[in-house]
Every structure is written in structure tokens, then in C-alpha cells.
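# Per-entry structural report
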Amino acid sequence: MAILLAAALPLSAQEARAGYELSEHELALLELINQARANPGAAIYLAGLDPDAVSENIPSLRQLLETGMKPFAFHPRLQAAAQKHTRDMFQYNHYGTVLPDGLSLEEKVLGQGYPAIDADLTLGNVVFQNFIAPEDAVWKVFRAMLLEELNSGDEKNLVLLNPDHNEIGISLIAGEMVFKGQTRNVYLSSCFVGHSLGGQVSELLLEMINMLRNRPEYSIQEPDPEFLIQEEEAKSLSLRGMPPLAEQVQLISAGLTHIFDMGEKLYYDPVSPEGESPVDRVSRFGYGVSEISNALAFVEIQENQSSLHYASNLFDQLILQEFLSTNGPEHILDRRFSEAGVAVGLITVEISTETRKDFLVLSAYFTKPVSSRMFAVGGVYTALKDEAGEEYWKGVQNLKLELATLVGDNVIESSRTGPMGLFQIPILPGMYKINLVDHDRVIASKPLIMPQENVYVNFWLREPDFNE
């Protein structure tokens, strides 16, 4: 891959592309959106609506008002699509998701190299006479977008509050438009959200990494002789295990911008040709880091391959790097680190005028944050049987987790399992329990006694004691 990037011209470099960095006010808009996803009830109330009435109209939001949903990671290719759409609205003097160019939403994001499994678009605007403070414009645009999807009363129109999407690109541009023959000043915003192949792979990868940190001896089962050389080291690691890594969306955003940058500037290294380091990238998204490591890997995209295939391939590369390092484990098996952002994005390169190759590229950040914090990290799984009668475990999505006091059962935090059954909840040292809740009924509970670091909390359900 490094040789290809040095020798080949990426498709994305064939035409001028908008800058992929978020402006100060776009970053503020992203923060408002992610705050709304973390606490939808509060955001709905601040927008001037009754959360209970909204949940009656859109029942799928009812269960998310308390638990919230995973924040969006910033994706540079969705950012490029959003910037192009906003500029095109000014060019055509037309406000809408469908413009005179006739391109569909899918064509817009695929045209920017985003490998979408699904994608959607929401718009916001504010018209003003002479001047409006940019921070006021950001709030008005955000409120307009939120009201647009909530007032419809249809869950199919949820974009910013759609838990199935996990990546976003935002544009916020000031300019002039003509309304009924009169020129007006206006801020226009486009927000593309989506879920990509890379997003699926990254979720699988973090689960694999945490499973390995919990049981490092699994790595010595690899038959490659290069692994066996490190068997004793792996055994010593297995004696103590390691706490899981908590996922941080700012680190994922930094990784995705890194992947995009490597494709645009033809390099394959943690540090860019201009000297931008991993610390620089995570700091751009407001993440305070004490220690950091950046791991890279890649795999060629081929037809009829699953997300699990790509995740396994990238995971094997990470293990190889770990045990072949002369400095010892410094990425996935480094006990210094407590948080991670596993980003997987697409790079397309031209080997020749007739040959193109698509790669999934990994840029994973492993960090110790400046501010110490802890999380309960785990998953909820149920036992199923395949056609041959063999048992396997599958993650259960959309189940509620509550962090409660050990005595009194007072709920402190809550969360919900994602598409793969994974979750994480912030915790403090003390005596707690985590309740697994299905339809307001506690179906399982596990104690947390005085944790001092991230802890695993997994629920394994053999009996059909929950409603899918």
C-alpha cells in the first residue's frame, strides 16, 4: 500500500475537492448535534417542543429519550458531499435535497468516494438582513434541522436522531440567495449522515481488540512461526489480562481525517509530509491526550467479501505488528492505553489508466487521555444455532443498560446496545451494579465493586428471556 500510494494517483485527486476540515462554526454545529444524540429529550425541549408529545408521534424515539445514542464521527468524504451540496444550492439558487442536477443522495455520496451502506441528508437555513452572530446562526440552523425531522411525525424522516447512522459531514456557508425577486443574506447548511462498510468493520475490530486484551493467550494459537517466537511474552500477558479500551468518537474522527489525508497526499505514515502528528489530529477534535499510539493497516476490497472478512484481515495485521515490534506491545496490547478510536476508510488508487484498486485503510488511535475516566465496556449476546445445529453467539441490539447504585437501585447512567450488541457506560469508583433491561423488566444484573480502571461487563443469554 505504501508503494502504491507513492506511485499511483488517487481518483479523488483528479478534480479539485473542497477542504475536509471542519470550520470553527461547523465544529460547533457538530457539537450541538452530538449533544442532541446524547440527550435527545433535552435537545427536543430546548428546541421548543414537548419531548413526551414527540415520543408519542415518533414511538421509536421514546426508548432513546433517556439512553441517547452513539455520537457521530466526522467523515471527510461525507464532508466533501455536504460542502458540494451547499455550494450547489447557492449556484442553482435552489434550497432542497434534490437539485436541478438530478443526482440522488446515493450518487452524491458515492461520487465523493463514501462507501455507503446507507446515507441521508438534512438541511438547515437562516435568513438575515444585515448581520447575525455566527454562533447565533449555528443554533438557528441546528434548531431548524431538528424541527424539520421532528415535526414530520414520521420516524423515516429521522436523520440527526437516527441511531442507525454513525458518520457525518457538515457544511455551513454564508451567502446570498434570491427569494421572490429579492436578494437575501442567508446561512445554508447541509448535513450528510451515513453508515459505511468502514463503519461496520471498525465496530468489529474494536470488539476483537478488546477480546484479545481480555485473553491475550488467544494470539499464540496463530500458526505463523513469527508468532510462536513470542509465545512466552504472550503467556506472560495472559496472566494479567488488560482492561478494555473505551471508544471515543473524537479519535475515530481523527483517524478518518488521517485516512483521507493519506489518500489525497500520497503517503502512508502516522505523520503527514507537512509534519501533522497523531497528537495534532486528535487535538483538532478537542481530545486532550497524555500518551498516544497510531497503528496503520490495509486490505484490498474484493467482491463478495463480508465485513467480518475485512475486520479479521486487519486484526491479523495488528497482531503481527504487535509481536514483531522490537519495543514490545505498543498498540492493542499496551496497558498504558485506556481509550481508542478505530477508523476504517476507503482509498481508491489508479495503478494505471486502466487499473484501479480499492483499499480499506485502518488508522487506529490508542490513547491515555489527559483527564482520567473509566467505563464499563461490554456486550449482550444470545446463543443461537445455525442450520447444522452448531451453537454460536450473536450480539443483541437495542437492549437497555442501567448503571445503578448497589443499594437502592437508583439509576445513575443508562445506555443501549448497538447493532452488534456492544455498549459502554461511564463509571466512577464505588459500589454499583449494571442492570440489563428489556421492556422495563430487569432480566439480568452484575455488580461493579470499586473499579479503578475500565471493566468488562458481558451478558450471555442462553434462555429466550427477552423480546427481540
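Every value quoted in this text rests on a predicted model; they were computed, and no experiment measured them.

## Details of helix α2 (residues 24–38)
The terminal C-alpha atoms of α2, which comprises 15 residues, lie 21 Å apart, in line with the 21 Å expected from a rise of 1.5 Å per residue. On the buried face of α2, the contacting elements are α3 (40–46), β2 (73–74), α6 (76–92), α8 (134–150), β4 (167–179) and β5 (182–196).

## A word on the environment of Arg77
Following the sequence through the fold, Arg77 ends up in helix α6. C-alpha separation for the pair Arg77 and Val109, spaced 32 residues apart in sequence, amounts to 7.4 Å.

## Considerations on the pairing of strand β9 (residues 356–369)
A large share of β9 lies buried, amounting to ten of its 14 residues. Pairing geometry for strand β7 (residues 289–300) and β9, over eleven bridges, is antiparallel. Bridging across to β9, Ala295 finds its partner in Ala364. Sheet analysis places strand β8 (residues 339–350) next to β9, joined by twelve bridges and oriented antiparallel. Paired with Val342 across the bridge in β9 is Ala364. The antiparallel pairing of β8 with β9 creates a hairpin that spans five residues between the two strands.

## Comments concerning the environment of His195
Its location among the elements puts His195 in strand β5. When the C-alpha atoms of His195 and His165 are compared, they prove to be 5.1 Å apart, with 30 residues separating the residues in sequence. Not counting chain neighbours up to four residues away, the residues in contact with His195 comprise Tyr114, Ala116, Ile117, Asp118, Asp164, His165, Asn166, Glu167, Gln200 and Glu203.

## Concerning the sheet that holds β4
Strand pairing in a sheet relies on backbone hydrogen bonds. The paired strands run either parallel or antiparallel. Spatial strand order, β2-β4-β5-β3: four strands in an open sheet with mixed pairing. Only two strands of the sheet have a single partner each, and these edge strands are β2 and β3 (116–128). Most of the contacts of helix α9 (residues 197–214) go to β5, to which it runs at about 45°, and overall it touches β3, β4 and β5.

## As for the nonpolar core
Nonpolar side chains in soluble globular proteins tend to be buried together. If you look at the biggest cluster of nonpolar residues, it comprises 44 residues, and the most contacted ones within it are Leu29, Ile33, Leu61, Leu150, Leu161, Ile170 and Tyr187. Counting residues per element, the ones that place at least two in this core are α2, α3, α5 (64–67), β3, α8, β4, β5 and α12 (249–265). If one sorts the elements of this core by residue count, α8 sits on top with eight residues. Other than its neighbours up to four places away in sequence, Leu161 contacts Ala36, Arg37, Leu61, Met69, Leu146, Glu149 and Leu150.

## Structural notes on the packing of aromatic side chains
For the structure on display, the rule yields seven aromatic pairs. Look at Phe298 and Phe359: their rings are 5.9 Å apart centre to centre, the planes differ by 75°, and that puts the pair in the edge-to-face class. Of this pair, Phe298 sits in strand β7 while Phe359 sits in strand β9, and the two are 61 residues apart along the sequence. Among the aromatic side chains, those forming a connected cluster through ring pairs are Tyr268, Phe298 and Phe359. The positively charged end of Arg37 is found above the aromatic ring belonging to Phe72, 3.8 Å away from the centroid. A cation over an aromatic ring shows up here: Lys446 above the ring of Phe459, its NZ or CZ 5.3 Å from the ring centre.

## Here's the deal with the packing of α9 against helix α14 (residues 307–324)
Running from N to C, α9 and α14 cross one another at 50°; their axes reach a closest spacing of 9 Å. For the element pair α9 / α14, the angle class is oblique. α9 and α14 meet at a crossing whose hand is right-handed. For the pair formed by α9 and α14, the contact residues are Leu197, Gln200, Val201, Leu204, Leu205, Met208, Ile209 and Leu212 on the first element and Ser307, Leu308, Tyr310, Ala311, Ser312, Leu314, Phe315, Leu318 and Ile319 on the second. When its residues are assigned to classes, the contact of α9 with α14 shows 14 nonpolar, three polar and no charged.

## As for the pattern of salt bridges
Scanning all chains against the criterion turns up 15 salt bridges. A salt bridge links Asp261 to Lys265; its shortest N-O distance comes to 2.9 Å. Here Lys265 and Asp261 lie together in helix α12, a separation of four residues that amounts to about one turn. For Asp261, a relative accessible area of 0% translates into the label buried. In this structure, Glu276 and Arg284 form a salt bridge, with 2.1 Å as the shortest nitrogen-oxygen distance.

Conventions we followed
Numbers given to residues run from 1 along each chain, matching the order in which its sequence is written. Where local features are concerned, this predicted model is filtered to residues with pLDDT of at least 70; where side-chain atom pairs are given and counted, the filter is 80 or more; whole-chain, interface and lining totals use all residues. Processing note: side-chain calculations cover all non-hydrogen atoms of the structure and skip hydrogens and water entirely. A run of H or I in DSSP counts as a helix once it spans at least four residues, and a run of E counts as a strand once it spans at least two, with each numbered from the N terminus. One less than the residue count of a helix, multiplied by 1.5 Å, gives the span that helix is expected to have. By definition in these notes, contact holds between two residues if any of their heavy atoms fall within 4.5 Å. A simple rule labels every residue: compare its accessible area, found with a 1.4 Å probe on the protein chains alone, to the largest value its type can have, and call it buried under 20%, exposed over 50%, or partly exposed in between. Strand pairing is defined by DSSP finding a minimum of two bridges between the two strands. Axis geometry follows a simple rule: fit a line to the C-alpha atoms, using only the stretch in contact for helices, then measure angles between N-to-C directions, giving values from 0 to 180 degrees. In this text, buried Ala, Val, Leu, Ile, Met, Phe, Trp, Tyr and Cys residues form a nonpolar core when linked through side-chain atoms within 4.5 Å. Working definition: rings of Phe, Tyr and Trp (its six-membered ring) pair if their centres are within 6.5 Å, and the pair is stacked with planes under 30 degrees apart, edge-to-face with planes over 60 apart, and tilted otherwise. We count a charge as sitting over a ring when the NZ of a lysine or the CZ of an arginine lies within 6 Å of the ring centre and within 35 degrees of the ring normal. Throughout, the term roughly parallel applies to angles under 35 degrees, roughly antiparallel to angles over 145, roughly perpendicular to angles from 65 to 115, and oblique to all others. Rotating anticlockwise by less than a right angle from the far helix to the near helix defines a left-handed crossing, while the corresponding clockwise rotation defines a right-handed one. Classification used: nonpolar for Ala, Val, Leu, Ile, Met, Phe, Trp, Tyr, Cys and Pro, charged for Asp, Glu, Lys and Arg, polar for all others including Gly. In the sections that follow, a salt bridge refers to a side-chain nitrogen of Lys or Arg positioned within 4 Å of a carboxyl oxygen of Asp or Glu.

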